[in-house]
Structure formats: C-alpha cells, structure tokens
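Understanding the architecture of this molecule
Chain residues, written in single-letter form:
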Amino acid sequence: MSLRQVTIVGGSVAGLGVAQALRRRGFDGTITVLDGDPEPAIQRPALSKRFLTNGLSAQDIRLHADLDGIDLRLGVRATGFSLPDRILRLRHHERSSDELVRVDGLAIATGAQARTLPLPPLRGVHVLRTLADAEALRAELSRRPRIAILGGGFVGSEVASSCRALGLEVTLLEAEPGPMSRVLGAAVGQVLAAVHRDHGTHVMAGARVVGLTGEQHVEGVRLADGQIVSADVVLIAVGARPAVDWLADSGLDLADGVRCGGDLTVAGGVVAVGDIARWSSSRGGDMRVEHWENAVRQAEVAAESLLDPGRGRRFDATTMVWSDQYDCKLQLIGHPQPGDEFSVIEGSLEERRFVGLYAAGGRVRAALLCNQPHRIRAYRGMVESAAALPLAAGGMERASVPVKADAVH
Ligand SMILES: Cc1cc2nc3c(=O)[nH]c(=O)nc-3n(C[C@H](O)[C@H](O)[C@H](O)COP(=O)(O)OP(=O)(O)OC[C@H]3O[C@@H](n4cnc5c(N)ncnc54)[C@H](O)[C@@H]3O)c2cc1C
C-alpha cells in the first residue's frame, strides 16, 4: 500500500533529512514535520565549539533546509503513539489540551537528551544538548567562572577546549584513564590528556564524582577519594539517552533507542532515524550511533524504506565523526569495538599528527585521523571494505584497546 501522508516527529537533522529525501524521491503526498522545540533547528555540533567561543547568534547556526512543500510545525510535542491504530498524541506549546491525529507513515526522529547524574539541583550546574542549554552555559561563562566538566567524551573535551580559548580555569574530570579513552582506547586517551594539559586544562583521570558542594549555587565537585574540586560552574557531560519517553506506551522495543530492522523499519510504514535508531547492523549486532553524518545518511535509507518497503536494503554506511579540540582535528571513521587492536600507521602519537587503525582479525574496522584531514578519503575506503591491516602496521606503535562498543557523542 503506498503512503499518502508521512508525519515526521523530530525536526532536526534526521527528521528534516527524511522530509527532503522523500521529496527528492518523488513523494507527492503530505509531509508534516513536528518538533517540540518552538525554535527552528540548529547545527547542534556548533554548540560545544564556535557557539561558545565566537559570540554567534542562534541565527548564525541555524540548520538550513529546503522546506518547500513541507509542513513544519514547531512547538508541537508528541506525547504518545499507538501503533495498532496509528494515532499520535500531540501537545501544542502554550496549549494545555492534547490533540490526537491519525498518521499514515511515521518517521521517529526525536534524537537524544543529555544524560544527568543524581546530583543536587544547584544553580550553576549545566548540561549541553539544546540551544537553550548552550545559551545558559554561555551566559555563565561570560562571568569568567572556574568550570569543572564531568566527563571527557566528545562534548566534555570540546567544551574544555572552548573554555580554554576563552581563558577560563578548566578542570576536566574523567572516570576512565584518559579523555575519550572509552571510545578511542587508552593509548589515544593518554595523548588527548596531554593535549588538554598542554593547553592549560587540569585533567583528572580516573576521577569518580560522588557529589557537589554549595548551598544554592555550586561551589565544588566532591570526589570519591575525598578531594573537592572548586568550581563556580559545573557541566555534566556524561553522554545522552535516546528521547523515547513519548513512546512508552507504544508497544515498541525501546531498550536503548527504538529498535528497528536493518532498513530502519520499525513496523509497516514506521521508521526510526538518527540518534534514536537502534538498528540491526550487517556488521554484527544492534547499533545506535549519535553522530551527525550517521543521521544524514540514515535519512536517505529511512525515506526509501517508507516509500518502498520490504526491498531488503540495509543501512550499512561507514560514517565519520569529527571533533575539534585545541589544535587537534580528530576524525573517526567507523566504530571501534571492544578488544580491537590499535596501530599507528602514519605519523606518531607524540607528534599529534597521525592515522591509527582499529582492527580485528587483521581487518580494519575503524580509522582515527588526527590532523590529517586530507587522508580521509583513503581511509574511509579502507574501513568500508574492511581491508586487510597494512603490513607496515605490524612494525608501528601498537596497543590492544579495551574500548567499549557504544561510541556515544
Ligand atoms: C554539544 C554537541 C556537540 C556535537 N558535536 C558533534 C560533532 O562534532 N560531530 C558529530 O558528528 N556529531 C556531533 N553531535 C551529535 C549530533 O548533533 C547528533 O548526532 C545529531 O544532532 C542527531 O540528530 P537527530 O536529528 O537524530 O537528533 P536531535 O538533533 O537530537 O534532534 C531531535 C529533535 O527532536 C525533537 N524532539 C524530541 N522529542 C520530541 C517530541 N516528543 N516531540 C516532538 N519533537 C521532539 C527535538 O526538539 C529535536 O529538535 C553533537 C551533539 C551535541 C549535543
């Protein structure tokens, strides 16, 4: 049965991407995009980087999309979905009653929300996911506080870099042996810790946060070993969780995102896309990826699966994620897995200009480029084809990397 109408819940990069991909593929039915945020979508990656440092406005980082023929409704939040009768429950911004609408096709693209920690709700404690979060954080940073960042993943590391660019006193608290070592392994984590330190960030690796000090406004972070790190502002940067709450009664499998098949189909005429989608990967097992390019590429497959179901296509794209930290431009192609072997095959970790490969069984699974942007095409091909690990790698710096599977941004 062909669709006459598609509703997309979530109007950020994944949701708008599906809308545009539907039009490009000639879909001439109604496309409605709903987003709970009354403000138009932004380029989220800018929030931890130039938005904090360059005094940009929301307008400067808007996500530009061709909305011709697309009915975009902002300030409309989905609060429930019933799969058998395809009814969406909606709550309009500044209205107290719910509206029920029947949908024909549905794309679930509600992304993720910042994770928090069980800490007291003191003033000066922030998370960073939305434009409002970034505006609130930036306003505090303008008072030149000491900042403690809980979590040295992509977002925490980038905010540390941005805060140092602003000349602030920064402490980065990371539970693992080094920043980003959960995703990139201990060897790279150590290099990144040194990069932070060279730029004046105080890195505390292996730190376990147990509480905050302060009465109304935060004054410090309490660690398990009894130390207190003084801070006027605290950023909790411990990853994100899929925004699935509105689907709680839908009957869908919501364990770590919305579970879908290899073609991103959740059920007939329903797809999941972007940060929220946990799809069955042909590379083995379920995957969920919280990165921009993944959302962009999935939008194409999700649109195809809506228009032409059951074709047996799979989302298999090898995607890249980038991170700008101080003078390091990191690009990670593919997804390192626990136990992968890491070898540096160009440059060296000390120079902070290198290409490292993550491999299993002698086959390349992922590549990490540090300050080597012009090499991206060559290594993307290598990861895509799961090429044999180049012999040269055997004689280079090598380490077995106990990385964990989920590369959370
Ligand atoms: C600070 C930061 C920096 C980042 N930097 C990078 C980077 O450098 N490189 C990179 O690859 N990735 C980066 N990412 C990750 C990247 O931004 C995400 O992968 C991408 O935004 C995912 O897009 P999405 O459309 O799936 O979800 P989201 O961007 O999370 O969008 C989901 C949308 O759904 C809406 N929504 C949620 N619930 C509802 C509801 N119930 N009803 C209606 N609407 C709803 C939200 O308002 C939102 O607009 C970063 C993320 C953050 C937070």
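Note that the coordinates shown come from a computational prediction; the quantities given were computed from them, not determined experimentally.

**Structural notes on the site of the ligand**
Around the ligand sit 32 residues, and of these Ser12, Asp35, Lys49, Arg129 and Asp275 come closest. Between the ligand and the protein, one listed contact pairs a nitrogen atom with a backbone N or O atom of alanine 78 at 2.9 Å. When isolated, the ligand has an accessible area of 1,000 Å², and the protein chains bury 95% of it. Only helix H1 (13-24), strand S4 (76-82), helix H4 (154-165) and strand S23 (320-325) provide two or more residues apiece to the shell around the ligand. Here the shell around the ligand gets 3 residues from one element, more than from any other, and that element is S4.

**Let's talk about the state of the cysteines**
According to the stated counting rule, one finds 0 disulfides in the structure shown. With no disulfide of its own, cysteine 163 has cysteine 328 as its nearest cysteine by sulfur position, at a separation of 17 Å.

**A few points about the packing of H1 against helix H7 (residues 292-307)**
Running from N to C, H1 and H7 cross one another at 45 degrees; their axes reach a closest spacing of 8 Å. Relative to H7, the element H1 lies oblique. For the pair H1 and H7, the crossing hand works out as right-handed. Counted together, Val13, Ala14, Gly17, Val18, Ala21, Leu22 and Arg24 of H1 and Trp292, Ala295, Val296, Ala299, Glu300, Ala302, Ala303, Leu306 and Leu307 of H7 form the full contact between these two elements. A class-by-class count of the residues in the contact of H1 with H7 yields 13 nonpolar, 1 polar and 2 charged.

**A look at the domain arrangement of the protein chain**
Here the protein chain is partitioned into domain 1 (5-113 + 240-307), domain 2 (116-236) and domain 3 (327-401). A separation of 28 Å is found between the C-alpha centroids of domain 2 and domain 3. Tallying the contact residues gives 13 residues for domain 2 and 12 residues for domain 3. Of the roughly 980 Å² buried where domain 2 meets domain 3, counting both sides, 75% is carbon and sulfur surface. Interface area lost by domain 2 to domain 3 is led by Leu184, Val188 and Val191, which between them contribute 41%. Counting the contacts that link domain 2 with domain 3 gives 1 salt bridge. Taking the shortest distance from any N to any O, the salt bridge between arginine 352 and aspartate 198 comes out at 2.7 Å. Counting every contact that joins domain 2 to domain 3 gives 2 residue pairs in polar contact (both at pLDDT 80 or more). The set of elements that each furnish at least two residues to the side of domain 2 that touches domain 3 consists of helix H5 (181-184) and helix H6 (186-198). A total of 8 residues in the side of domain 2 that touches domain 3 trace back to one element, the largest contributor, which is H6.

**Quick notes on unusual backbone geometry**
A negative phi holds for most residues other than glycine; trans holds for most peptide bonds. Positive phi, normally seen in glycine, also occurs at arginine 352, with a value near 60 degrees. Relative to the helices and strands, arginine 352 is located in the loop between strand S25 (341-348) and strand S26 (353-360). Residue asparagine 371 is not a glycine yet carries a positive backbone phi of 55 degrees. By the secondary structure assignment, asparagine 371 is in the loop between strand S27 (363-370) and helix H8 (376-384).

**Quick look at the sheet that holds strand S18 (residues 258-260)**
Whenever strands of a sheet pair, they do so through backbone hydrogen bonds, lying parallel or antiparallel. Strand order in the open sheet formed by 3 strands is S18-S21-S22, and the pairing between neighbours is mixed. The strands lining the two open edges of the sheet, one partner per strand, are S18 and strand S22 (286-287). By the bridge criterion, 2 bridges tie strand S21 (residues 277-280) to S22 in an arrangement that is antiparallel. Counted as the bridge partner of tryptophan 279 is methionine 287 from S22.

**As for the pairing of S26**
For S26, a buried count of 6 out of 8 residues is recorded, marking the element as mostly surrounded by other parts of the structure. Sheet topology places S25 next to S26; 7 bridges connect them, and they run antiparallel. Counterpart to glutamate 341 in the pairing with S26 is alanine 359. Counted along the chain from S25 to the antiparallel partner S26, the turn is 4 residues long, and its residue arginine 352 has a positive phi close to 60 degrees. Direction of pairing for S26 relative to S27: antiparallel, over a ladder of 7 bridges. The residue of S27 that forms the bridge with tyrosine 358 is alanine 366. As consecutive antiparallel partners, S26 and S27 are separated by 2 residues, and within that stretch glycine 361 has a phi angle of approximately 60 degrees, a positive value.

Definitions and cut-offs
- Residues numbered from 1 in each chain as written.
- Predicted model: local features only at pLDDT ≥ 70, side-chain atom pairs only at ≥ 80, totals over all residues.
- Heavy atoms only, no water.
- Near = heavy atom within 4 Å.
- Polar contact = N/O pair within 3.5 Å; in protein donor to acceptor, adjacent residues only side chain to side chain.
- Areas by Shrake-Rupley, 256 points an atom, 1.4 Å probe, with all protein chains shown as cover.
- Helix = DSSP H or I, 4+ residues; strand = E, 2+ residues; numbered from the N terminus.
- Disulfide = S-S within 2.5 Å.
- Axes fitted to C-alpha atoms, helices over the stretch in contact; angles between N-to-C directions.
- Parallel < 35°, antiparallel > 145°, perpendicular 65-115°, else oblique.
- Left-handed = near helix turned anticlockwise from the far one by under 90°.
- Contact = heavy atoms within 4.5 Å.
- Nonpolar A, V, L, I, M, F, W, Y, C, P; charged D, E, K, R; others polar.
- Domains from an automatic or database assignment.
- Buried area = accessible area lost by both parts, 1.4 Å probe.
- Salt bridge = Lys/Arg side-chain N within 4 Å of Asp/Glu carboxyl O.
- Pairing = 2+ DSSP bridges.
- Buried < 20%, exposed > 50% of the residue type's maximum accessible area, 1.4 Å probe, protein only.

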